[in-house]
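The residues making up each chain are set out below.
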Amino acid sequence: MPAAADGRVPAFYSAGIDDFLGTSDPTVVGYLSSRHVHADIDTRQVAAWTEQLQILRGALVGLTGTVFLEFEVPRLGSRIDAVVVAGPAVFPIEFKCGEQQFTVAAHNQAWDYALDLKNFHLASHAVPVLPILVATGATRSDESWLPMHADGSRPPRHCAPGGLARAIADGIALSPGPDISGVPWGRSAYQPTPTIVEAARALYSRHT
């Protein structure tokens, strides 16, 4: 049984990559549907999940790590489509099913998810976070990652479905540090970094 059954993991589904690859799409979609807030899941959502699963399967062959699907982002009141924890890096992945272009809004959404993990998810504070935006109808992918920011995060990399495997492999190769254990990462507290706390205190210090 995947870790989705464990309430301490803030995702609809999570499993080791090998287990994920060995589980059928209908079974994974079933877990996702069972955790969805709405009782009725429309066919478009099922089709989107299925497309995402197929793209992820093609990209994760040969990797060791953990996959989280529909990972909760409390501050934004949303969920990241997928988070892959592999090697020393964390890859939040936003899918835009059927889109041929990488829009500014989608880019900013992927970037927001990465910044939220980096600044508010305790286990992500000190590890490389590399967001990926996948437009499933696109035919071209970015050739490389943009430079890492001082906090250990990178701007989103744009990928067509066929470019996801390379983006993850490149990201792992570029990331310093020891391998991350996926289950403890997923169960980590949602806690702001000290700099975020200091900024909030400074902002409100003059208010009664």
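Being a predicted model, the structure only gives us computed values, none of them experimental. (Residues numbered from 1 in each chain as written. Predicted model: local features only at pLDDT ≥ 70, side-chain atom pairs only at ≥ 80, totals over all residues. Heavy atoms only, no water.)

**Student:** How should the confidence of the model for the protein be read in this particular structure?
**Tutor:** Reading fine detail from the predicted coordinates is not recommended where pLDDT is low. Mean pLDDT for the protein: 89, with 87% of residues reaching 70 or above. This model gives residues 196-203 a pLDDT under 50, and the stretch forms 3 contacts once residues within four places in sequence are excluded. (pLDDT = per-residue confidence, 0-100. Contact = heavy atoms within 4.5 Å.)

**Student:** So what exactly am I meant to see when it comes to the packing of helix H3 (residues 43-60) against helix H5 (residues 164-174) here?
**Tutor:** Between two packed helices, the angle of one axis relative to the other and the distance separating the axes together describe the packing. Two numbers describe how H3 lies on H5: the axes approach to 8 Å, and their chain directions differ by 50 degrees. One way to sum up the angle between H3 and H5 is to call them oblique. The handedness of the crossing between H3 and H5 is right-handed. The residues of H5 that touch H3, namely those facing Ile-55, Leu-56, Ala-59 and Leu-60, are Leu-164, Ala-165 and Ile-168. Here the contact of H3 with H5 is built from residues that sort into 7 nonpolar, no polar and no charged. (Axes fitted to C-alpha atoms, helices over the stretch in contact; angles between N-to-C directions. Helix = DSSP H or I, 4+ residues; strand = E, 2+ residues; numbered from the N terminus. Parallel < 35°, antiparallel > 145°, perpendicular 65-115°, else oblique. Left-handed = near helix turned anticlockwise from the far one by under 90°. Nonpolar A, V, L, I, M, F, W, Y, C, P; charged D, E, K, R; others polar.)

**Student:** Help me understand the pattern of salt bridges in this model?
**Tutor:** A side chain with one charge may pair with a side chain of the opposite charge, provided their charged atoms come close. Across all of its chains, the model carries 6 salt bridges by this definition. When the shortest N-O distance is used, the salt bridge between Arg-57 and Asp-25 registers 2.7 Å. One end of the pair, Arg-57, is in helix H3; the other, Asp-25, is in helix H2 (residues 25-35), and 32 residues separate them in sequence. Judged by its relative accessible area of 15%, Arg-57 is buried. Measuring nitrogen to oxygen at the nearest pair gives 3.2 Å for the salt bridge that ties Asp-170 to Arg-157. With Asp-170 in helix H5 and Arg-157 in strand S6 (residues 157-159), the pair connects residues that are 13 residues apart, well separated along the chain. (Salt bridge = Lys/Arg side-chain N within 4 Å of Asp/Glu carboxyl O. Buried < 20%, exposed > 50% of the residue type's maximum accessible area, 1.4 Å probe, protein only.)

**Student:** Looking at this structure, I do not really get the nonpolar core. What am I missing?
**Tutor:** What tends to happen in soluble globular proteins is that the nonpolar side chains get buried as a cluster. Residues Leu-56, Leu-60, Leu-69, Phe-91, Ile-93, Ile-132 and Leu-164 are the most contacted members of the largest nonpolar core, which totals 32 residues. Tallying contributions element by element places H3 first for this core, with 6 residues. Setting aside residues up to four positions removed in sequence, Leu-69 forms contacts with Ala-11, Phe-12, Tyr-13, Phe-20, Val-28, Leu-32, Leu-53, Leu-56, Ile-80, Asp-81 and Ala-82. Formed by 17 residues, the second largest nonpolar core is a distinct cluster that contains Phe-71, Ile-80, Val-90 and Ile-180. (Core = buried A, V, L, I, M, F, W, Y, C linked by side-chain atoms within 4.5 Å.)

**Student:** Help me understand the sheet that holds strand S1 (residues 11-16), please; the structure alone is not making it clear to me.
**Tutor:** Spatially, 6 strands are ordered S1-S2-S3-S4-S5-S6 in an open sheet, and the strand pairing comes out mixed. Of all strands in the sheet, those bounded by a partner on one side alone are S1 and S6. Neighbouring strand axes in the sheet, compared pairwise and without regard to direction, differ in orientation by 25 degrees on average. Of the strand pairs in this sheet, strand S4 (residues 89-96) and strand S5 (residues 132-135) are connected by 4 bridges, and their pairing is parallel. The residue of S5 that forms the bridge with Phe-95 is Val-134. (Pairing = 2+ DSSP bridges.)

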